[in-house]
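Residue-level listing of the chains:
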Amino acid sequence: MNPVLQRIQSFSAAEEFLDFFGVEYEPSVVHVNRLHILKRFNQYLNRSPIPDDMDEATAMATCKSLLSQAHDDFVKSNAAQEKVFKVFQDQEGKSISLDSMKASLSTRGQRA
């Protein structure tokens, strides 16, 4: 494993990753999407792996670019649209209108 990737294995907070790689970020975006950002970063790393023998400067620059891209995905979009996690992928095309929910609640209330 590349030494840069070894160093980040112990990180747990999104801010640790962002600070380590020097990625400027919007705290409000990270607060709401931290797990989504890290999952997307991992997806990008899987698509563009960091070779074990890549020099540290190149590995850092590559990770910074991928993490910045992951963060920016959620600046421009949201978790439901990005569908990083399976729960959002499974909801493809499924929606419930507010009116149908109200109707369902009122029918249930009458039965009780």
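Here the structure is a predicted model, which is why all the values come from computation and not from measurement.

Caption draft 1: The overall build of the protein, seen in detail. Tallying secondary structure elements over the protein gives 7 helices and 0 strands in all. Going residue by residue from the N terminus, the α and β elements of the protein occur as α-α-α-α-α-α-α. The proportion of buried residues among the 112 residues of the protein is 29%. In the protein, 63% of the contacts between residues at least 6 apart in sequence involve partners at least 24 apart. As presented, the protein carries roughly 7,500 Å² of accessible surface, and 53% of it is formed by carbon and sulfur atoms.

Caption draft 2: Main features of the pattern of salt bridges. Taken as a whole, this structure holds 3 salt bridges when the rule is applied. Across the pair E56 and R7 runs a salt bridge, and its minimum N-O distance is 2.7 Å. Here the residue E56 occupies a position in helix α4 (residues 56–76), and R7 occupies one in helix α1 (residues 3–8), the gap between them amounting to 49 residues. Judged by its relative accessible area of 44%, E56 falls in the partly exposed class. Residue classification places R7 among the partly exposed residues on the basis of a relative accessible area of 37%. For R34, the salt bridge goes to E15, with nearest N and O atoms at 2.8 Å. Taken as a pair, R34 in helix α3 (residues 27–47) and E15 in helix α2 (residues 14–21) lie far apart in primary sequence, 19 residues in all.

Caption draft 3: Fine view of the nonpolar core. Of all hydrophobic cores here, the largest spans 23 residues; its most connected members are F21, F41, C63 and L67. Of all the secondary structure elements, the ones that give two or more residues to this core are α1, α2, α3 and α4. Of all the elements, α3 adds the most residues to this core, at 7 residues. Residues within four places of L67 in sequence aside, it is in contact with F17, L18, F21, V23, I37 and F41.

Caption draft 4: Up close: α2. Within the sequence span of α2, burial applies to A14, F17, L18 and F21. For α2, the arc enclosing every buried residue in end-on projection is 95°, short of the 170-degree limit, so these residues lie on one face. Positive phi appears at G22, one or two residues downstream of α2, with a value of about 70°.

Caption draft 5: Here's a closer look at the confidence of the model for the protein. Residue-level pLDDT values for the protein average 84, and 74% of them are 70 or greater. The lowest-confidence element of the protein is helix α6 (residues 86–89), averaging 48 in pLDDT; the highest-confidence one is α2, averaging 97. Here residues 87–91 is a poorly scored stretch, pLDDT under 50, and it has 6 contacts once near neighbours within four places are set aside; other chains count.

Caption draft 6: Examining the packing of α2 against α3 more closely. One way to put it is that α2 packs onto α3 with a least axis distance of 9 Å and a crossing angle of 70°. Between α2 and α3, the angle is such that the two are roughly perpendicular. Here A14, E15, F17, L18 and F21 of α2 come into contact with α3, specifically with V30, R34, L38 and F41. Taken together, the residues of the contact of α2 with α3 break down into 7 nonpolar, no polar and 2 charged.

Parameters at a glance
- Residues numbered from 1 in each chain as written.
- Predicted model: local features only at pLDDT ≥ 70, side-chain atom pairs only at ≥ 80, totals over all residues.
- Heavy atoms only, no water.
- Helix = DSSP H or I, 4+ residues; strand = E, 2+ residues; numbered from the N terminus.
- Buried < 20%, exposed > 50% of the residue type's maximum accessible area, 1.4 Å probe, protein only.
- Contact = heavy atoms within 4.5 Å.
- Areas by Shrake-Rupley, 256 points an atom, 1.4 Å probe, with all protein chains shown as cover.
- Salt bridge = Lys/Arg side-chain N within 4 Å of Asp/Glu carboxyl O.
- Core = buried A, V, L, I, M, F, W, Y, C linked by side-chain atoms within 4.5 Å.
- Arc of directions from axis to C-beta.
- pLDDT = per-residue confidence, 0-100.
- Axes fitted to C-alpha atoms, helices over the stretch in contact; angles between N-to-C directions.
- Parallel < 35°, antiparallel > 145°, perpendicular 65-115°, else oblique.
- Nonpolar A, V, L, I, M, F, W, Y, C, P; charged D, E, K, R; others polar.

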